[in-house]
Amino acid sequence: MADRMVAVLSGGLSHEREVSIRSGRRLSAALRSVGLTVEEWDADASLLNRLRSNRPDAVVVALHGGEGENGSVQAILEMFGVPYVGTDSRACRRAWDKPTAKAELARAGLATPEWVVLPHATFRELGAKPVLDAMVSTLGLPLMLKPDQGGSALGAQVVRDAAELPPAMVGCLAYGDTVLAEQFISGVEVAVAVVDGPEGPYALPAVEIVPETGVYDYTARYTAGLTDFHAPARLDAASAKAVGELAVAAHRLLGLRDVSRTDAVVAEDGTVHFLEVNVSPGLTETSLLPMAVEAAGQSLGEIYAGLVERAVAR
């Protein structure tokens, strides 16, 4: 393994560029700590030349949002025949579109909040007020609004009063052309990382998320001190087992590979609701995957080094 040269791909041009750079730096340090030779590459116009002239043994995708999670960069790596850690391009596309992922899991019988998906054009052509009134009539309040694609909770907002809907919609549409509106489920919010091992995918301990404001938005995610985390989550044994099973089921049903993170909420009646899945979990100092790794008594570098070996062997 010491002879491996690994390129950690981070940065890019999405709204999450700075977060990705932080993830890439932390992951690079973790891989170096277990003896790998690591280069940090930005996902920019130099990438293709680097793949040709300085071909790595494997790439680890630490990009967040945009091309790093929608399958575009993965498709490039596949065309170049470069092994990489992460989900393949087609499954990335499926997971990246939140309504598609929700629909696939709902068809499999897993619980997920009721939802509706509407593009900006619908509000413009049919009139915003009647469409918003119909949304509230169908789903009730409170609502969670989020772009149908994207990460880091950019544009995500909880709406508790109908009067808050118009400005919330504007804020959401600033990050995408289509809005996913779903029933807001009150309960214990958790994130569950799944890692592929020799015996198949397994769940790391769930991380419980308790934001100071009650909403785990972009600021709460990446500002130290604004959110309390509990790893493992403060769940009873049955709920802890259920959230792990949900995350592994999502990983399998969506065809994900190597590592993923499922966000879920345990409702007051004990039902575990799938919210969304991330194929390139954050690795910053406030990110959830490293907390789960630590709670499991494992090493981030060793986990990813093992995934590098799996990628090379494929």
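Please read these numbers as outputs of a predicted model, since none were measured by experiment. (Residues numbered from 1 in each chain as written. Predicted model: local features only at pLDDT ≥ 70, side-chain atom pairs only at ≥ 80, totals over all residues. Heavy atoms only, no water.)

Enquirer: Mind showing me how you'd approach the sheet that holds strand β7 (residues 157-159) here?
Expert: Overall, antiparallel pairing links the four strands, which are arranged β5-β8-β6-β7 in an open sheet. Looking at strand neighbours, the two that pair on one side only are β5 (115-119) and β7, the edges of this open sheet. Neighbour-to-neighbour, the strand axes of the sheet open up by a mean angle of 25°, direction not taken into account. Relative to strand β8 (residues 178-183), β5 runs antiparallel, the two being bridged by five bridges. Its bridge partner being in β8, L118 is matched across the sheet by V179. (Pairing = 2+ DSSP bridges. Helix = DSSP H or I, 4+ residues; strand = E, 2+ residues; numbered from the N terminus. Axes fitted to C-alpha atoms, helices over the stretch in contact; angles between N-to-C directions.)

Enquirer: Explain the sheet that holds strand β3 (residues 58-61) here, please?
Expert: What holds strands together in a sheet is hydrogen bonding between their backbones, with the strands either parallel or antiparallel. As summarised here, the arrangement of the four strands in space is β2-β1-β3-β4, forming an open sheet in which the pairing is parallel. Edge positions in the open sheet fall to β2 (37-42) and β4 (84-85), since each of these has one partner strand only. Pairing analysis gives four bridges linking strand β1 (residues 5-10) to β3, with the strands arranged parallel. Residue pairing across strands places A7 opposite V59, the latter belonging to β3.

Enquirer: When you look at the layout of surface pockets in this model, what are you seeing that I'm missing?
Expert: The rolling of a water-molecule-sized probe over the atoms marks out the regions of remaining empty space. In this structure, the largest pocket encloses a volume near 730 Å³. Every residue lining the largest pocket is counted, 42 residues in all, and those nearest its centre are M144, K146, A156, Y216 and R221. Those elements that place two or more of their residues in the lining of the largest pocket are β6 (143-147), β8, β9 (187-197), β11 (207-211), β13 (259-267) and β14 (272-278). With four residues, the single largest contributor to the lining of the largest pocket is β11. (1 Å grid on protein atoms, 1.4 Å probe; cavity = no way out; pocket = protein on both sides within 12 Å on 5 of 7 lines; lining within 4 Å. Points joined across faces, edges and corners; volume = space filled by probe spheres on them.)

Enquirer: Teacher, can you tell me more about the nonpolar core here?
Expert: For soluble globular proteins, the rule of thumb is that nonpolar side chains tend to be buried together. Counting residues in each nonpolar core, the largest one holds 33 residues, and the members touching the most others are L27, L31, V60, L289 and Y304. Only β1, α1 (17-33), β3, β9, β11, α11 (288-295) and α12 (300-313) provide two or more residues apiece to this core. Sorting elements by how many residues they give to this core places α12 first, with seven residues. Non-local contacts of L289, meaning those with residues more than four positions away in its chain, are made with A193, L204, V259, P281, G282, L283 and Y304. A233, V243, A250 and A264 belong to the second-largest nonpolar core, a separate cluster that totals 24 residues. (Core = buried A, V, L, I, M, F, W, Y, C linked by side-chain atoms within 4.5 Å. Buried < 20%, exposed > 50% of the residue type's maximum accessible area, 1.4 Å probe, protein only. Contact = heavy atoms within 4.5 Å.)

Enquirer: Explanation requested: the pattern of salt bridges in the structure shown.
Expert: Pairs can form between side chains of opposite charge whenever their charged atoms are close. Across all of its chains, the model carries 13 salt bridges by this definition. For R261, the salt bridge goes to D263, with nearest N and O atoms at 3.0 Å. Of the two residues, R261 and D263, neither departs from the other in class, the shared state being buried. (Salt bridge = Lys/Arg side-chain N within 4 Å of Asp/Glu carboxyl O.)

Enquirer: How should the pairing of β13 be read in this particular structure?
Expert: Consecutive side chains of a regular strand alternate in pointing toward one face of the sheet and then the other. In terms of burial, β13 is largely enclosed, as nine of its nine residues are buried. Burial along β13 is two-sided: V259, R261, D263, V265 and A267 and S260, T262, A264 and V266, pointing in opposite directions, are all buried. As paired elements, β9 and β13 share nine bridges and run antiparallel to each other. Its bridge partner being in β13, G187 is matched across the sheet by A267. Pairing between β13 and β14: six bridges, direction antiparallel. Looking across to β14, one finds that A264 is bridged to F274. Between β13 and β14, which pair antiparallel and follow one another directly, the connecting turn spans four residues, one of which, G270, has a positive phi of 95°.

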